[in-house]
Amino acid sequence: MDIGFIVFGLAGLLTLVCFMPPLAGRLGLPYSVLLAIVGCLLGIGFHLHGWAPPVLGDLLDTIERFEISSETFLMVFLPVLLFETALSMNVRRLMNDIGPILMMAIVAVVVCTLVVGVAVSAVSSYSLLVCLLLGAIVATTDPAAVVGIFREVGAPKRLTTLVEGESLFNDAASIALYSVLLAALGGSGEISTLAVFNDFIFHFLGGGLAGWLMGRAACALFAWLRGFPAAEITLTLTLAYLSFFISEHYLGVSGVVATVVAGLVVGSAGRTRMSPTTFEYLSNFWGQFGFWANSLIFLFAAMLIPKLMAQADWVELLLVGVVFVATLVARAIVVFGLLPLLRVFKIGAEVSNPYKTVMLWGGLRGAVSLALALAVTEQTSVPAEARQFVAVATTGFVLATLFINGISLRPLIRMLGLNQLSPVERTIRNQALSVVLEDLQGKTDEIASEDHIAPEARAHIRAVFDASMTAVHDSQVSRMSLEQRTAVGLAIVARREEEMFFDILKAQIVDWRMAEGLLARAERLGDAVRTGGEQGFEAAIVSDVRYSQAFRLALRMHYVFGFQGWLGRELGQRFANLQSKRSVAQRLIQFAREQITPLLGEDAALRIVAAHQRRLDLIDNALQALNLQYPSYALWLQENYLGRVARELERIRYHTMLEQSLISGEVYADLMGQLQTRWEHIDQRPPLDIELSAAELIKRVPIFEGLSADSLRAICKLLRPRLALPKQRILAHGRHGQEMCFVASGAVEVHLPDGTMAELGSGEFFGELALLGDEHINADVRSLGYSKLLMLSARDLRALLARDPDLRERLDKVVKQRLRAIEVWRQFSTTGQVHPPGGPAPVPATPPPVAPQPEA
């Protein structure tokens, strides 16, 4: 076909598509249903356009000659639809419901295949294998046909996530079963439950791994393309196709899963790697591209319906009804029978009955099912009768779901009340409306006075405000309990925190690595507030200042192997994270005072402020230990933060001057170049040196002072440096008598069995009595801050003392002093009296003024 006519045909179809959304709104039809109707009319019009004028006739002829094969659907349109849906999904919300989603995406496909296969085989003359193939084809759902309806009626976000998540992954399961059954039907393969299971697991997990690797690779490449939005967005488009094609044709795994996972990775991690404005452009671009792909794939698929249904007879149409009923039964088994089992085993949150009802009725099918049916008609190895039956049954079933389920889904959602706000949300809405209207009423009066607006016009506008405020006056926030208002306010502040961190990222005040962690923590905090209210917030803020798993692993590697670089980086990352969280926490307290008070009342605002003040105290305590131990690094962090803010303010000022035509584009580019040069030093992060060199630290320990150089070198080889975290237990249970510790810097506290406590600072040591003396007290020793310790094992100590009498003498002197202190302590704790050395009788005594310092 001439390339000009191809462009002419596509342009004509896209022109037609432009008018579909407003027309669907006027007719009250779901967009996908209208596309199916128009596509069917086009398919019929191909044979009846002799009356059309030349331009329209040529357009219909061109569209009719388009070679639309199953490969076109799967390779051209499917990657775009999958990637666009995955890109817009919240990964954290998806993971919260991963149990129900995978149940509907995998188990539901298998159940639908079996139920449809057995049911149709029982009432028809077709073989079980053909009927199972039909079941696998109709098992896949179409998100575009459902999500558009959800958005129109305002369905809950979680319901949309469940349906979108199911449709993202069930395509992979359906296509995998379809491939196995088609090969067996064509005589090139055999069906084995174990083989099908193994093949599916390999394709599914392999596709997930391939998609994750390619998604992370694309995120890494965003750093090279930073500052070129067109290039960054183009990379996401190529990623959608490359992840699908490479996985299918070179790796032999599921391209569907690979594309979905790649989209999820870019949607979650990619936004922290891109330039500040790119991610905003990205959403708009993919929304447009997804609209084109979804519209064209529905039109092309619907245009094939007249051709596929041309030779249908009444028996086949009756079997379409059997398929429709069987799929509903299969879906009901999963939704109402198997989903509740996830709650029993505590896998995922509970799904309410209204949600289950909509999920049951909302399993619409679309272009993917039609594409798979078209692929069957292209297989010459499959008997002609089977090809005809699969094509007719699939096409009729897709039309049934679109025209029956699709049209009735909107009334069903409204009947169940899922499009309505909860009583609490309605009250908050009315309160927000009341606050805004009061403010706007005052401002419009000021404008009317300044601009000399006629009193009659002012009266009409005031009447609009008065009527609106009267309508919401009966729903006051005061009717809500304090706990409800507090929970709502905490959720509002949590959403504001996510916005603040994203603004910090766009302003490049933090780098993408830190931003990725900060945004993830903010999302987890928001989820905790939404599910647990104030109690969830309290638990989340305590968890927020805990050490990450990466930090703990780095600390473990340092203990075992002495690796310092990784631990230093993790310490620096924690330092910077706490600094950023502290800045945001302070602004959130101010936000709560100013914005929550008029919305939810002063008592709720005070409670929210108090909760966030407790969070700020936790962050301050965690920061204080780091600031005292690493003052130079803390100073650099503050300088870095302030410098990044100054750089962003300077950039905004130049951009504003450019928009106002105060400077030319050439001047703007020169100023931006100077800006980059002026502030480039703030991007150079100095390493945080944890300074655990034994050769340097033993010089701080008084007991090692004056030893010979040979003795010091020998000691350095035996001492193992460690970093103890605040409140960390230094000698765990079972380690007493195996090690002694020297405090090189920092301090530890020794909790004795009698409830007393002693503090040991730099240069002191503990644990030596169990190694050198006969006394053994299992005291609890914990670090007061970030303490630098030198650990010496019992075996190494004995070998060292055998070679160095001078050191032995020093330690013996300290041991005798501490043994005497223990003896006095024990006498007093049992008799309340102290025996003086060599005295014949006990004498009254008072407790020693200073707690002894025995070994730990």
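For the structure itself, consult the block above.
Per chain, the residues get numbers from 1 upward, laid out in the order the sequence is written. Local features are withheld for residues below a pLDDT of 70 in this predicted model, meaning they are given only at 70 or higher, and side-chain atom pairs are given and counted only at 80 or more; totals for whole chains, interfaces and linings count all residues. To obtain the side-chain values, all non-hydrogen atoms of the structure were included, while hydrogens and water were left out.

Asks: In this structure, what is going on with the pattern of salt bridges? I would like to understand it.
Replies: For side chains bearing opposite charge, pairing can occur when the charged atoms are close. Salt bridge criterion: a side-chain nitrogen from Lys or Arg within 4 Å of a carboxyl oxygen from Asp or Glu. Tallied over the full model, the rule gives 14 salt bridges. Taking the shortest distance from any N to any O, the salt bridge between Glu497 and Arg615 comes out at 2.8 Å. Note that Glu497 is positioned in helix α22 (residues 482–506) and Arg615 in helix α26 (residues 602–629), a separation of 118 residues in sequence. Here Glu497 matches Arg615 in class, with each residue buried. A salt bridge links Asp620 to Arg582; its shortest N-O distance comes to 2.5 Å. Of this pair, Asp620 sits in helix α26 while Arg582 sits in helix α25 (residues 565–600), and the two are 38 residues apart along the sequence. Accessible area is worked out with a 1.4 Å probe on protein chains only. A residue is then buried under 20% of its type maximum, exposed over 50%, and partly exposed in between. Since its relative accessible area comes to 25%, Asp620 is described here as partly exposed. Where helices and strands are cited, they refer to DSSP runs of H or I of at least four residues and of E of at least two residues respectively, numbered from the N terminus.

Asks: Hey, could you run me through the packing of aromatic side chains in this one?
Replies: Note on aromatic pairs: each is described by the distance of the centres and the angle between the planes. Here a Phe, Tyr or Trp ring, Trp counted by its six-membered ring, pairs with any other such ring whose centre lies within 6.5 Å, and the pair is stacked when the planes are under 30 degrees apart, edge-to-face when over 60, and tilted otherwise. Counted according to the given criterion, the structure contains 14 aromatic pairs. For the ring pair Tyr31 and Phe291, a centre distance of 6.0 Å and an interplane angle of 20° mean the geometry is stacked. With Tyr31 in helix α3 (residues 31–45) and Phe291 in helix α14 (residues 278–303), this pair connects stretches of sequence that are 260 residues apart. Here the aromatic rings of Phe245 and Tyr250 are separated by 6.0 Å at their centres, their planes lie at 65°, and the arrangement is edge-to-face. Over the aromatic face of Phe591 sits the side chain of Arg496, whose NZ or CZ is 5.8 Å from the ring centroid. Each ring is checked for a lysine NZ or an arginine CZ that lies within 6 Å of its centre and within 35 degrees of its normal; such an atom marks a charge sitting over the ring.

Asks: Help me out: how do you make sense of the packing of helix α27 (residues 631–659) against helix α28 (residues 665–679) in this one?
Replies: In a packed pair of helices, the relevant descriptors are the angle between the two axes and the axis-to-axis distance. Helix axes use the C-alpha atoms of the stretch in contact, all axes being lines fitted to C-alpha atoms, and the angles between their N-to-C directions lie in the range 0 to 180 degrees. Following both chains from N to C, one finds α27 and α28 inclined at 175°, their axes separated by 10 Å at the closest point. Judged on the interaxial angle alone, α28 and α27 are roughly antiparallel. On α28, the residues touching Gly643, Ala646, Arg647, Glu650, Arg651, Tyr654, His655 and Leu658 of α27 are Gly665, Tyr668, Leu671, Met672, Leu675, Gln676, Arg678 and Trp679. By residue class, the composition of the contact of α27 with α28 is eight nonpolar, four polar and four charged. Note on terminology: angles under 35 degrees are roughly parallel, angles over 145 are roughly antiparallel, angles of 65 to 115 are roughly perpendicular, and the others are oblique. By definition in these notes, contact holds between two residues if any of their heavy atoms fall within 4.5 Å. By the convention adopted, Pro, Cys, Tyr, Trp, Phe, Met, Ile, Leu, Val and Ala count as nonpolar, Lys, Arg, Asp and Glu as charged, and the other residues, Gly among them, as polar.

Asks: When you look at the sheet that holds strand β2 (residues 739–745) in this model, what are you seeing that I'm missing?
Replies: Note on sheets: strands pair through backbone hydrogen bonds, and any given pair is parallel or antiparallel. Two strands make a pair as long as DSSP finds a minimum of two bridges between them. Pairing in this open sheet of four strands is antiparallel, and the strands run β1-β7-β2-β5 from one edge to the other. The strands lining the two open edges of the sheet, one partner per strand, are β1 (720–724) and β5 (765–766). Judged from the six bridges that link them, β2 and strand β7 (residues 787–793) form a sheet pairing that is antiparallel. For Met740, the partnering residue across the bridge sits in β7 and is Leu792.

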